[in-house]
Amino acid sequence: MAFSKKEFLWFLGTVLTSFLTLVLIFGIDGFKADETIDINIHDTYFVFSNTPFFWFLGALIFFVIYFFRMIRGKFKNVFVGILVLLFCLGLILLLSKIIYVVDSLLQSPIGFLGNEDDKEISPVAKILSVFTNVLFAIKVLFLLVLSYSAYRIGKTRG
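Remember, predicted model here, so these are calculated numbers, not experimental data.

Conventions used here
Residues numbered from 1 in each chain as written. Predicted model: local features only at pLDDT ≥ 70, side-chain atom pairs only at ≥ 80, totals over all residues. Heavy atoms only, no water. Core = buried A, V, L, I, M, F, W, Y, C linked by side-chain atoms within 4.5 Å. Buried < 20%, exposed > 50% of the residue type's maximum accessible area, 1.4 Å probe, protein only. Helix = DSSP H or I, 4+ residues; strand = E, 2+ residues; numbered from the N terminus. Contact = heavy atoms within 4.5 Å. Axes fitted to C-alpha atoms, helices over the stretch in contact; angles between N-to-C directions. Parallel < 35°, antiparallel > 145°, perpendicular 65-115°, else oblique. Left-handed = near helix turned anticlockwise from the far one by under 90°. Nonpolar A, V, L, I, M, F, W, Y, C, P; charged D, E, K, R; others polar.

Enquirer: What is the right way to look at the nonpolar core in this model?
Expert: The tendency in soluble globular proteins is for nonpolar side chains to be buried as a group. Core analysis: the biggest nonpolar cluster contains 33 residues, and Phe63, Met70, Val84, Cys88 and Phe142 have the highest contact counts within it. Where this core is concerned, the elements lending two or more residues are strand 2 (44–49), helix 2 (51–72), helix 3 (78–106) and helix 4 (123–157). For this core, the element with the most residues is helix 3, which contributes 15 residues. Excluding residues within four positions of it along the chain, Met70 makes contact with Phe75, Val80, Gly81, Val84, Ser149 and Ile153.

Given below as C-alpha cells:
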C-alpha cells in the first residue's frame with residue numbers, strides 16, 4: 001500500500017476544509033482546550049466543554065469526504081477504507097460522549113423531569129429526550145455503516 005501524492009493532497013485538502021469549517025463555527029478560540037459552550041434554557045445556564053462537539057464536527061467532515069471517496073472508488077482503496085472505518089469508530093465514541101452530556105442535562109437537579117408531585121414532564125425535558133433518541137439513532141446508523149464498510153473492504157481485498 002503505497003501512499004501516493006494524490007492521497008496526500010486529498011488528506012491535506014480535507015484537513016484544510018475541516019480546519020476552516022471549525023474556525024467558522026467555533027472561532028479561533030474554539031481550538032483552546034478550556035473553551036466552553038454556554039446554553040441558556042429558561043432561567044438556567046449550562047456551561048460545558050466544547051471538546052466533544054468540536055471533535056465530532058471535525059471527524060464528521062473527514063468521514064463524509066472519505067465515505068463518498070470510498071463509495072466512488074467501489075471500496076478498492078484500502079487507505080481510504082481504513083480512514084472511513086477509523087473516523088466512523090471515532091464518531092460513534094464521540095456520539096456516546098455527547099449523549100452522556102445531554103443525559104446529564106436531563107438528570108440535572110433543576111427539575112426538568114419535575115418532582116414526584118408533578119406527573120407532567122417539562123417541555124425542555126421532552127426536547128432533550130427526543131434529541132437523545134435522535135442521537136442514539138444516528139449512532140446506530142454509524143454502526144451499520146461501519147459494519148457494511150468493513151464487510152465490503154474485506155470482500156474487495158479477499
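Enquirer: When you look at the environment of Ile25 in this model, what are you seeing that I'm missing?
Expert: Residue placement: Ile25 occurs in helix 1 (residues 5–26). Separated by 32 residues in sequence, Ile25 and Leu57 place their C-alpha atoms 9.7 Å apart.

Enquirer: Hey, could you run me through the packing of helix 3 against helix 4 in this one?
Expert: Helix 4 packs onto helix 3 with a crossing angle of 165° between their chain directions and a minimal axis gap of 9 Å. Between helix 3 and helix 4, the angle is such that the two are roughly antiparallel. Our pair here, helix 3 against helix 4, has a crossing hand that is left-handed. Its residues assigned to classes, the contact of helix 3 with helix 4 shows 26 nonpolar, five polar and three charged.

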